[in-house]
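Structural overview for review
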Amino acid sequence: MTVDDALRDLVIANRILAAHGVVDAFGHVSIRHPGNPQRYFMSCSRGPAAVTLDDLMEFDLDSAPVDQRGRAMYAERQIHGRAYQARPDVMSVCHNHSAATIPFGVSDVPLKPIFHMGSVIGHAAPVWDIADEFGPTNLLVTTPAAGASLAKTLGGGRVVLMRGHGATVVGHSLREVVFTSVYMQRNAELATAARNFTNVKFLSGDEIDLAAELLFQPLSQDRAWDDWTKRLGPLEDV
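All values reported here derive from a predicted model rather than from experimental measurement.

**Points about the overall build of the protein**
Helix and strand counts for the protein come out as eight helices and seven strands. The C-alpha atoms of the protein give a radius of gyration of 17 Å, which matches the 18 Å a tight globule of 238 residues would have. Taking the principal axes of the C-alpha coordinates as reference, the protein spans close to 55 × 45 × 30 Å. For the protein, the proportion of its 238 residues judged to be buried stands at 49%. A sequence separation of at least 24 residues applies to 66% of the contacts in the protein between residues at least 6 apart. Total accessible area on the protein is roughly 11,100 Å²; 53% of this is exposed by carbon and sulfur atoms. Across the protein, the 21 positively charged side chains and the 27 negatively charged ones have centroids separated by 2 Å.

Structure, rendered in structure tokens:
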């Protein structure tokens, strides 16, 4: 994939995530530079639904801009830079405030897959609490130390919940991250609704692994991406 193609997809990803309500005026998604693993791309500080190609900025893995040109930047860049540093396999990162996930980050109820599409979050999403290491804060991940701590809790997984804040999702591709973010939110909604029922049966470990293996195949990923892109309507400005 060329850099130009990757940047176009990054704009589309911002809009897909906004269309599904995973992000609103806040939240952000990034991609590792396809030709330089020591760099990544992310928008300047802007609501994801409004992101254009001109808004995209290049950063090093310390989250310093390569060419800021006076543009305001997201405060929580360290979420992205530290995830890329900790995980060479990660090619994309999304931080969001998906409302459906918040209750699972502030309670002892784990976020586990309840339907086959939710298998993409893994067996259970760990919870990171910024207060455990850094005491009272405004909950934003704005320092290298906080970003590294979050990445440590993420470990080798795809999703980490952030107490009272939201979630961070990583993946081997941008499409994988968008797919996981959308179905993480739907899984959280369904898991919450299921608490009104008795004898709820979540997916088993083997079912999670087998379903995720299928869903991360290019056929499934491309099918979702093409459908969600089509629903955005004309993209003359991308």
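**Things to note about the packing of aromatic side chains**
Scanning the entire structure with this criterion turns up six aromatic pairs. With a centroid separation of 5.3 Å and an interplanar angle of 35°, the aromatic rings of Tyr40 and Tyr84 are classed as tilted. A residue pair is termed long-range when its members are at least 10 positions apart, and Tyr40 in strand S2 (residues 39-43) and Tyr84 in helix H2 (residues 77-86) qualify at 44 residues. As far as burial versus exposure is concerned, Tyr40 and Tyr84 are alike and both buried. With a centroid separation of 4.9 Å and 50° between ring planes, the pair formed by Phe179 and Tyr183 is classed as tilted. On the criterion of helical spacing, the pair formed by Phe179 and Tyr183 is a turn pair, its members being four residues apart in helix H6 (residues 174-194). Both residues of the pair, Phe179 and Tyr183, belong to the buried class.

**Here's the deal with a negative patch on the surface**
A contiguous patch of negative charge on the surface is contributed by Asp206, Glu207, Asp209 and Glu213. Mapped onto the secondary structure, Asp209 falls in helix H7 (residues 205-215).

**Concerning the pattern of salt bridges**
Applying the stated criterion across every chain, the model contains nine salt bridges. Residues Asp55 and Arg46 are paired through a salt bridge, measuring 3.0 Å at the closest nitrogen-oxygen approach. Classification of Asp55 as buried rests on a relative accessible area of 7%. With relative accessibility at 36%, the residue Arg46 sits in the partly exposed group.

**A look at helix H1 (residues 3-19)**
If you check H1, its first and last C-alpha atoms are 24 Å apart, about what 17 residues at 1.5 Å a residue would give, namely 24 Å. Most of H1 is tucked away: twelve of the 17 residues are buried. Tucked into the core, H1 has its buried residues touching strand S1 (28-32), S2, strand S3 (56-60), strand S4 (92-96), H6 and helix H8 (218-231). Looking one or two residues beyond H1, the residue adopting positive phi is Gly21, at roughly 75°.

Thresholds, definitions, all that
Residues numbered from 1 in each chain as written. Predicted model: local features only at pLDDT ≥ 70, side-chain atom pairs only at ≥ 80, totals over all residues. Heavy atoms only, no water. Helix = DSSP H or I, 4+ residues; strand = E, 2+ residues; numbered from the N terminus. Rg over C-alpha atoms; globule rule 2.2 N^0.38 Å. Buried < 20%, exposed > 50% of the residue type's maximum accessible area, 1.4 Å probe, protein only. Contact = heavy atoms within 4.5 Å. Areas by Shrake-Rupley, 256 points an atom, 1.4 Å probe, with all protein chains shown as cover. Lys, Arg positive; Asp, Glu negative; His and termini not counted. Charge placed at Lys NZ, Arg CZ, Asp CG, Glu CD. Phe/Tyr/Trp six-rings, centres within 6.5 Å; stacked < 30°, edge-to-face > 60°. Patch = residues over 30% accessible without salt bridge, like charges linked within 9 Å, V, L, I, M, F, W, Y side chains within 5 Å. Salt bridge = Lys/Arg side-chain N within 4 Å of Asp/Glu carboxyl O. Expected span 1.5 Å × (residues − 1).

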